[in-house]
Amino acid sequence: MSEWVAKAPANIALIKYMGKKGANLSLNPSFSYSNNNFNSTVSLVSCSGDKDIMDSSGFGSTISSCESYRFLSHLAYVKKYFGFSGYFKVKSCNNFPPSCGLASSASSFAALTMAACKAICELSETGVPSNLAMSQISRLGSGSSCRSFFEPWVVWRDDIVEAVDIPFTNILHYVVVVSSAKKLISSSDAHKRVQSSALFSGRADRATKRLYELLCAMRANDWKLSFDLVWADFWDMHAMFETSSPGFGYMTPGSLFVLDAVRRHWVEFGDGPLVTMDAGPNVHLIFRADQKGLANIFVADMQNKYTVLGG
Ligand code: PMV
């Protein structure tokens, strides 16, 4: 019995992918940080039945039944892409809790695509596609998963995804979990609903400009300007959520408490973390490696109230 295993990192966007065209192509370029400390592992074993199955035994499966359907549909797509007709038993697990504010679909779809490409190519004795080609296949299952094929800093523009040179290494990435309740509006729905917001027109231009400015700021070691741009971009996305019709949102009093603490920290120390939020209430903090002391103080403070993951 052969088994193919692949592992992929979660990624957190600093310039957000929000709004799509066609086959999960983003309306605007996005920029993210891939973090291997938060990852998903997928294993595929060939099976003799007449369909692919999810196996939740013994591997700490963290996929719900609805996600399982999406997952197996993506596997069916990858098999069709290669003209492969066999079946697999699929196991998937994340090393981070579900609903903790990390997009598990990005890392799990990336790991599934990698494992499926490895398995199918070995069984059909063909070469495994490049990371870019696999990321393009993965994007059709989950848009943001295409960024999990590269690390640490990644730009996704149209169908091109690539690692970019940024002078910050050994980043400390934390997630302040203010709520682990399942979100009511999925990111797939959010992509559709934002189109009704008056702020939607101009979003692609704003994000494109901000991305350019952020890459310049980071390359110039300007952390404060980087903070301002990252802050502006997640508020831009959340403002579109709130001004859609019908409006929706993810901010909770807990999210606002953490955001306010970050802002006060910047004022007090003249320094602080980059901060961002995805389509969820939890808050991501990105500290430079040399901010370890600052990070310890801030995280200890947040831990009085919330669970903080990462570091
Ligand atoms: O890949 P999706 O369809 O789950 O969209 C992800 C969208 C955000 O997480 C909100 C932003 C991003 O760029 O990751």
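Residues numbered from 1 in each chain as written. Predicted model: local features only at pLDDT ≥ 70, side-chain atom pairs only at ≥ 80, totals over all residues. Heavy atoms only, no water.

1. Focus on the overall build of the chain
Point 1. A tally of helices and strands in the chain yields 8 helices and 12 strands.
Point 2. Taken over C-alpha atoms, the radius of gyration comes to 19 Å for the chain, in line with the 19 Å a tight globule of 311 residues would show.
Point 3. The dimensions of the chain, computed from C-alpha atoms along their principal axes, are 65 × 40 × 40 Å.
Point 4. Burial analysis of the chain (311 residues in total) assigns 53% to the buried set.
Point 5. Restricting the contact set of the chain to residue pairs at least 6 apart, pairs at least 24 apart contribute 74%.
Point 6. As displayed, the chain offers around 13300 Å² of accessible surface, 53% of which is attributable to carbon and sulfur atoms.
Point 7. In the chain, 29 side chains carry a positive charge and 26 a negative one; their mean positions are 4 Å apart. (Helix = DSSP H or I, 4+ residues; strand = E, 2+ residues; numbered from the N terminus. Rg over C-alpha atoms; globule rule 2.2 N^0.38 Å. Buried < 20%, exposed > 50% of the residue type's maximum accessible area, 1.4 Å probe, protein only. Contact = heavy atoms within 4.5 Å. Areas by Shrake-Rupley, 256 points an atom, 1.4 Å probe, with all protein chains shown as cover. Lys, Arg positive; Asp, Glu negative; His and termini not counted. Charge placed at Lys NZ, Arg CZ, Asp CG, Glu CD.)

2. Focus: helix H2 (residues 104–123)
Point 1. With 20 residues, H2 extends 28 Å between its outermost C-alpha atoms, agreeing within 8% with the 28 Å of an ideal straight helix rising 1.5 Å per residue.
Point 2. Counting buried residues along H2, 16 of its 20 residues qualify, which places the element largely inside the surrounding structure.
Point 3. Positive phi shows up at glutamate 125, right after H2, with a value of about 50°. (Expected span 1.5 Å × (residues − 1).)

3. Concerning a nonpolar patch on the surface
Point 1. On the surface, Tyr77, Tyr81 and Leu140 cluster together into a nonpolar patch covering about 270 Å² of accessible area.
Point 2. Mapping tyrosine 77 onto the fold places it in helix H1 (residues 65–82). (Patch = residues over 30% accessible without salt bridge, like charges linked within 9 Å, V, L, I, M, F, W, Y side chains within 5 Å. Salt bridge = Lys/Arg side-chain N within 4 Å of Asp/Glu carboxyl O.)

4. What about the site of the ligand?
Point 1. As a matter of local geometry, the ligand sits amid 13 residues, with Tyr17, Ser144, Arg147, Ser187 and His191 nearest to it.
Point 2. In this structure, an oxygen atom belonging to the ligand sits 2.6 Å away from a side-chain N or O atom of serine 144.
Point 3. Between the ligand and the protein, one listed contact pairs an oxygen atom with a side-chain N or O atom of aspartate 278 at 3.3 Å.
Point 4. Residue composition of the shell around the ligand, by class: 5 nonpolar, 5 polar and 3 charged. (Near = heavy atom within 4 Å. Polar contact = N/O pair within 3.5 Å; in protein donor to acceptor, adjacent residues only side chain to side chain. Nonpolar A, V, L, I, M, F, W, Y, C, P; charged D, E, K, R; others polar.)

5. Structural notes on the packing of aromatic side chains
Point 1. Counted under the stated rule, the structure contains 21 aromatic pairs.
Point 2. Aromatic side chains phenylalanine 71 and phenylalanine 109 sit 5.3 Å apart centroid to centroid with 90° between the ring planes, which places their arrangement in the edge-to-face category. Taken together, the residues phenylalanine 71 in helix H1 and phenylalanine 109 in helix H2 connect sequence positions 38 residues apart.
Point 3. For phenylalanine 109, a relative accessible area of 3% gives the class buried.
Point 4. For the ring pair phenylalanine 168 and tryptophan 223, a centre distance of 4.9 Å and an interplane angle of 70° mean the geometry is edge-to-face. Here tryptophan 223 lies in helix H6 (residues 223–242) and phenylalanine 168 lies in the loop between strand S8 (160–163) and strand S9 (172–177), a separation of 55 residues in the sequence. (Phe/Tyr/Trp six-rings, centres within 6.5 Å; stacked < 30°, edge-to-face > 60°.)

6. Examining the sheet that holds S9
Strand pairing in a sheet relies on backbone hydrogen bonds. The paired strands run either parallel or antiparallel.
Point 1. Taken in spatial order, the 4 strands make up an open sheet running S10-S11-S9-S12, and their pairing is antiparallel. Edge positions in the open sheet fall to strand S10 (274–276) and strand S12 (307–310), since each of these has one partner strand only. For this sheet the average axis-to-axis angle between neighbouring strands, irrespective of direction, equals 25°.
Point 2. Examined bridge by bridge, S10 and strand S11 (residues 283–287) share 3 bridges and lie antiparallel to one another. Within S11, the position partnered with valine 275 by the bridge is leucine 285. (Pairing = 2+ DSSP bridges. Axes fitted to C-alpha atoms, helices over the stretch in contact; angles between N-to-C directions.)

7. A word on unusual backbone geometry
Point 1. With an omega of -10°, the peptide bond between glutamate 151 and proline 152 qualifies as cis.
Point 2. Structurally, the position occupied by proline 152 is in the loop between helix H3 (131–139) and strand S7 (153–157).
Point 3. Residue proline 246 follows serine 245 across a cis peptide bond; omega there is -5°.
Point 4. With respect to the element layout, proline 246 can be found in the loop between H6 and helix H7 (253–269).
Point 5. Positive phi, normally seen in glycine, also occurs at aspartate 158, with a value near 50°.
Point 6. Residue placement: aspartate 158 occurs in the loop between S7 and S8.
Point 7. With a phi angle near 50°, asparagine 170 is a residue other than glycine that sits in the positive phi range.
Point 8. Topologically, asparagine 170 is positioned in the loop between S8 and S9.

8. Re the nonpolar core
Point 1. Phe31, Trp153, Val176, Met218, Val275 and Leu285 are the most contacted members of the largest nonpolar core, which totals 45 residues.
Point 2. For tryptophan 153, the contacting residues outside a window of four places in its chain are Leu14, Phe31, Ser32, Tyr33, Glu162, Ala163, Val164, Ile166, Phe168, Ile171 and Met218.
Point 3. With 30 residues, the next largest nonpolar core counts Ala8, Leu44, Phe109 and Ala116 among its residues. (Core = buried A, V, L, I, M, F, W, Y, C linked by side-chain atoms within 4.5 Å.)

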